[in-house]
Amino acid sequence: MGDLLDLLAVWMPRQRWYGTKGRDPRLTVVADWSLDDDVRLLLVRDEAVQPAIVYQVPVAIRAEGSVPPGSLIGAFGEGRVWTDATTEAGFTDQLYSWVTAGGEVGAPGDGFIGFALAMPDGKTPAARATAKVLSGEQSNTSLIFRPDEGAAGVPVICKLFRQVNPGINPDVELQSALAAGGAAFVPAAIGEVRGSWMTPEGVPVSGSLAFAQEFFEGVEDAWRVALDAAAAGEDFAQRAHALGASVAGMHVALAAQFPTREPDDADRAAVIGAWDRRLAIALAEVPALAPYADRIRAVYAAAARAPWPSLQRVHGDLHLGQVLHTPSNGWVLLDFEGEPLRPIEERLLPDVAVRDVAGMLRSFDYVSGAVADDDGDAVRAWVIDAQQAFLAGYADTAGAVRTDDDPLLAAFELDKAVYEAIYETRNRPDWVGIPLAAIGRLAPLD
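Model, not experiment: these values are computed from the prediction.

1. Quick word on unusual backbone geometry
Most peptide bonds adopt trans geometry, and most residues besides glycine take a negative phi value. Cis peptide bonds are those with omega within 30 degrees of zero, and the linkage from Gln50 to Pro51 qualifies with 0 degrees. Positive phi values are uncommon outside glycine, yet Glu78 reaches one of about 55 degrees. Note on placement: Glu78 falls in the loop between strand S4 (72-77) and strand S5 (80-84). Residues other than glycine seldom take positive phi values, yet Asp335 does so here, at roughly 55 degrees.

2. Focus on the packing of helix H6 (residues 265-285) against helix H7 (residues 293-305)
One way to put it is that H6 packs onto H7 with a least axis distance of 11 Å and a crossing angle of 170 degrees. As summarised for this structure, H6 and H7 are arranged roughly antiparallel, according to the angle between their axes. Where H6 abuts H7, its residues Arg268, Ile272, Trp275, Asp276, Leu279 and Leu283 lie against Ala293, Ile296, Arg297, Tyr300, Ala303 and Ala304. For the contact of H6 with H7, the residue count by class is 9 nonpolar, no polar and 3 charged.

3. A short note on the domain arrangement of the protein
What the domain assignment lists for the protein is domain 1 (1-84), domain 2 (89-214) and domain 3 (220-442). A C-alpha centroid distance of 29 Å is found between domain 2 and domain 3. The interface of domain 2 with domain 3 comprises 19 residues on the first partner and 20 residues on the second. Across the domain 2-domain 3 interface, the total number found is 3 salt bridges. Asp335 is the partner of Lys159 in a salt bridge, and the nearest nitrogen-oxygen pair spans 2.9 Å. Counting the contacts that link domain 2 with domain 3 gives 7 residue pairs in polar contact (both at pLDDT 80 or more). Elements represented by at least two residues in the side of domain 2 that touches domain 3 include exactly strand S10 (156-161) and helix H3 (170-180). Counted by class, the side of domain 2 that touches domain 3 contains 10 nonpolar, 6 polar and 3 charged residues.

4. Notes on H6
Look at H6: 30 Å from first C-alpha to last across 21 residues, which is about the 30 Å you get at 1.5 Å a residue. Residues of H6 that are buried include every one of Asp267, Val271, Ile272, Gly273, Trp275, Leu279 and Ala282, and no others. In this structure, the buried residues of H6 make contact with H7 and helix H11 (407-427). The backbone nitrogen of Ala266 lies 3.0 Å from a side-chain oxygen of the residue at the head of H6, namely Asp264.

5. Side note on the pairing of S5
Of all the 5 residues making up S5, 4 are buried; the element is thus mostly covered by neighbouring parts of the structure. One ladder, built from 5 bridges, connects strand S3 (residues 53-63) with S5; its direction is antiparallel. When the sheet's bridge partners are listed, Ala60 is paired in S5 with Thr83. Sheet topology places S4 next to S5; 4 bridges connect them, and they run antiparallel. The residue of S5 that forms the bridge with Gly77 is Arg80. Turn length for the S4-S5 hairpin, with the two strands adjacent in sequence and antiparallel, is 2 residues, and the turn residue Glu78 shows positive phi of about 55 degrees.

6. Quick notes on the pattern of salt bridges
One pass over the structure, following the stated rule, counts 22 salt bridges. Asp267 is the partner of Arg261 in a salt bridge, and the nearest nitrogen-oxygen pair spans 2.6 Å. Judged by relative accessible area, Arg261 falls into the partly exposed class, the value being 34%. The buried category is assigned to Asp267, whose relative accessible area is 16%. The partner of Asp294 in a salt bridge is Arg297, and the shortest N-O contact between them spans 3.4 Å. A residue pair is termed a helical-turn pair when its members lie 3 or 4 positions apart in one helix, as Asp294 and Arg297 do in helix H7 at 3 residues. Exposure remark for Asp294: the relative accessible area of 61% places this residue in the exposed category. Taken together, the shared-partner salt bridges in this structure form one network comprising Arg362, Asp365, Arg380, Glu420 and Arg441.

7. A short note on the environment of Ala129
Within the secondary structure, Ala129 is located in strand S8 (residues 129-133). A C-alpha to C-alpha distance of 5.1 Å links Ala129 and Arg146, two positions 17 residues apart in sequence. Those residues in contact with Ala129 that lie beyond four places of it in its chain are Asp93, Tyr96, Phe145, Arg146, Pro147 and Asp148.

8. Focus: the nonpolar core
Within the largest apolar cluster, 71 residues are counted, with the highest numbers of intra-cluster contacts made by Phe236, Trp275, Trp382 and Phe390. Counting residues per element, this core draws most heavily on H11, which supplies 9 residues. Looking at which domains feed residues into this core, each of domain 2 (89-214) and domain 3 (220-442) gives three or more. When near neighbours in sequence (up to four residues on either side) are disregarded, Trp275 contacts Tyr300, Ala303, Trp308, Leu408, Ala411, Phe412 and Asp415. Membership of the second largest hydrophobic core comes to 37 residues, among which are Leu35, Leu41, Tyr96 and Phe211.

Calculation notes
- Residues numbered from 1 in each chain as written.
- Predicted model: local features only at pLDDT ≥ 70, side-chain atom pairs only at ≥ 80, totals over all residues.
- Heavy atoms only, no water.
- Helix = DSSP H or I, 4+ residues; strand = E, 2+ residues; numbered from the N terminus.
- Axes fitted to C-alpha atoms, helices over the stretch in contact; angles between N-to-C directions.
- Parallel < 35°, antiparallel > 145°, perpendicular 65-115°, else oblique.
- Contact = heavy atoms within 4.5 Å.
- Nonpolar A, V, L, I, M, F, W, Y, C, P; charged D, E, K, R; others polar.
- Domains from an automatic or database assignment.
- Salt bridge = Lys/Arg side-chain N within 4 Å of Asp/Glu carboxyl O.
- Polar contact = N/O pair within 3.5 Å; in protein donor to acceptor, adjacent residues only side chain to side chain.
- Expected span 1.5 Å × (residues − 1).
- Buried < 20%, exposed > 50% of the residue type's maximum accessible area, 1.4 Å probe, protein only.
- Pairing = 2+ DSSP bridges.
- Core = buried A, V, L, I, M, F, W, Y, C linked by side-chain atoms within 4.5 Å.

Rendered as structure tokens:
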């Protein structure tokens, strides 16, 4: 096992899902489940950061020279190598069986178990399916299972959580609840896998390892749909209105299915403190923000004085890329895991629903920077019309009175733009003008 951990310490930092960039991993095994002679499912704890992160790493042994591109971990010996098992049928077939039929590995409380969930009519997965790993993943690995030739059933997409935490992952918890409640704006939930392991203090815990749902073939996300419409100068108001209705429907359903509570002084202080901390970082890294500092603080102060709605469970990381446009269900919302960089404890707490609304407004605003067009005013007008239609659709479904001067929405939207200014300065300097322009509109100078 020591040799494999040494190999993983070199291999893991090169993976997009590895979250501790710039540090050498310090790995220990916390769970090791043998699926057959050549396939194992590992949970490894990385103590290079505190709190330590537990990663899920399925591995396989195969003949040297027959390794799919990108899956080689290192030498095993005797002409064989360790590989990432997400490309191995010996692992993916097992995974598909767990989420569609169920099954248990290991002793109760010391292994893991798959659960097949109740599914609506017409959403039954195939008895046999072939897996394909999606490229471009970041915090997780997703596999698409398509029915084998002659096998009836719907395609399935299964998310393998790379970073695992005690408790039910919010993506599993929220999306399963919405699907079970009959929501058409989320995919049908197919099944999940949970595992058990020990903390460093010897405390047994369990958490989500994988989650499978219906896969929609041949559809595009809302980001691509919006980009194409803006580039073609197509009116998007009707579709934006429907998207706002879907987001509002999600919030209404989550408030009905999970506890809500009124915000207290500590809740307000936590949110406002996060705004202030992000602004301090932005002022240190984005010099162009300095003239707006006082106006930004004034917007935050107005939000602090305004009435706040009840806190509830929310999506937490909503943008156009988290929405699919489907012929059968209309707009479908995905990825309820929340912002991956936020601690899991925060992502499980009730929050302000307007956070999701602000995220969508900012996502629409990015269309103006992503569409190459000689007539910038036309694209900007397209964005404004889409944002207004989205807000109208949201208000109509949520039963709220539509206002264009909501101080809380303005503050969340401004905070998101401040975050974007930091991100773009660090990663895409050519794009920093998009959030800076938004800040100029949301916190205009006198």
